[in-house]
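The primary structure of each chain is shown beneath.
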Amino acid sequence: MTAVQLNAMNTELWQSIGAIADNESLMKRLARYAKKLVKEKNDPTLMTKEEFFAKIERAEKQPGKSFASVEELDKFIRSL
């Protein structure tokens, strides 16, 4: 995103906030939504669609592991 686009988006955001600033219920909703967005941004498990499929491709190239019994599988899972 270019600096001009970012500036236009910031201006639009502040104008929208100003338009609802006198409505307490809308401001509460906006605050809750902003908190939700912050949580999403900070979530290290989130990835883009491209990252997801790249991860699958890497995993498909790795050698597989098989287990002779359920107990062996349980032991492996506990070791993680």
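Residues numbered from 1 in each chain as written. Predicted model: local features only at pLDDT ≥ 70, side-chain atom pairs only at ≥ 80, totals over all residues. Heavy atoms only, no water.

## Some details on the overall build of the protein chain
Applicable threshold: Numbering of helices and strands runs from the N terminus; a helix is a DSSP stretch of H or I covering at least four residues, while a strand is a stretch of E covering at least two. For every residue, the accessible area (1.4 Å probe, protein chains only) is compared with the maximum for its type, and the residue is labelled buried under 20%, exposed over 50%, or partly exposed between those bounds. The Shrake-Rupley method, run with a 1.4 Å probe, gives the accessible areas here. Residue values count only the displayed protein chains as cover.
For the protein chain, the count of helices and strands is four helices and zero strands. When its helices and strands are written in sequence order, the protein chain yields α-α-α-α. If you line up the protein chain on its principal axes, its C-alpha atoms span 65 × 30 × 15 Å. A total of 80 residues make up the protein chain; the buried ones form 1% of that total. When the accessible surface of the protein chain is totalled, it reaches about 7,800 Å², and 59% of it is carbon and sulfur.

## Notes on a nonpolar patch on the surface
Put simply, the test is: Each patch is built from residues lacking any salt bridge and having more than 30% relative accessible area; the joining distance is 9 Å for like charges and 5 Å for nonpolar side chains (Val, Leu, Ile, Met, Phe, Trp, Tyr). A side-chain nitrogen of Lys or Arg and a carboxyl oxygen of Asp or Glu constitute a salt bridge if their distance falls within 4 Å.
Taken together, the side chains of Met 47, Phe 52, Phe 53 and Ile 56 make up a nonpolar region of the molecular surface, amounting to roughly 350 Å² of accessible area. Mapped onto the fold, Met 47 is located in the loop between helix H2 (24-42) and helix H3 (49-61).

## Side note on the packing of aromatic side chains
In plain terms, the rule: Ring pairs are drawn from Phe, Tyr and Trp, using the six-membered ring of Trp, whenever the two centres fall within 6.5 Å, and their geometry is named by plane angle: stacked under 30 degrees, edge-to-face over 60, tilted for the rest.
Using the criterion set out here, one finds two aromatic pairs in the structure. The interplanar angle of 75° and the centroid separation of 5.3 Å between the aromatic rings of Phe 52 and Phe 53 together place this pair among those described as edge-to-face. Since its relative accessible area comes to 41%, Phe 52 is described here as partly exposed. Look at Phe 67 and Phe 76: their rings are 5.2 Å apart centre to centre, the planes differ by 45°, and that puts the pair in the tilted class.

## Some details on the environment of Lys 36
Within the fold, Lys 36 resides in helix H2. Look at Lys 36 and you get partly exposed, because its relative accessible area is 48%. Each C-alpha atom of the pair Lys 36 and Asn 10 lies 19 Å from the other, and the pair is 26 residues apart in sequence.

## Here's the deal with the confidence of the model for the protein chain
Condition: Looking at any residue, its pLDDT shows the predictor's confidence there, from 0 to 100.
Mean pLDDT for the protein chain: 90, with 100% of residues reaching 70 or above. At the level of individual helices and strands, the protein chain shows its lowest average pLDDT in helix H4 (residues 70-79), which scores 88, and its highest in helix H1 (residues 3-20), which scores 95.

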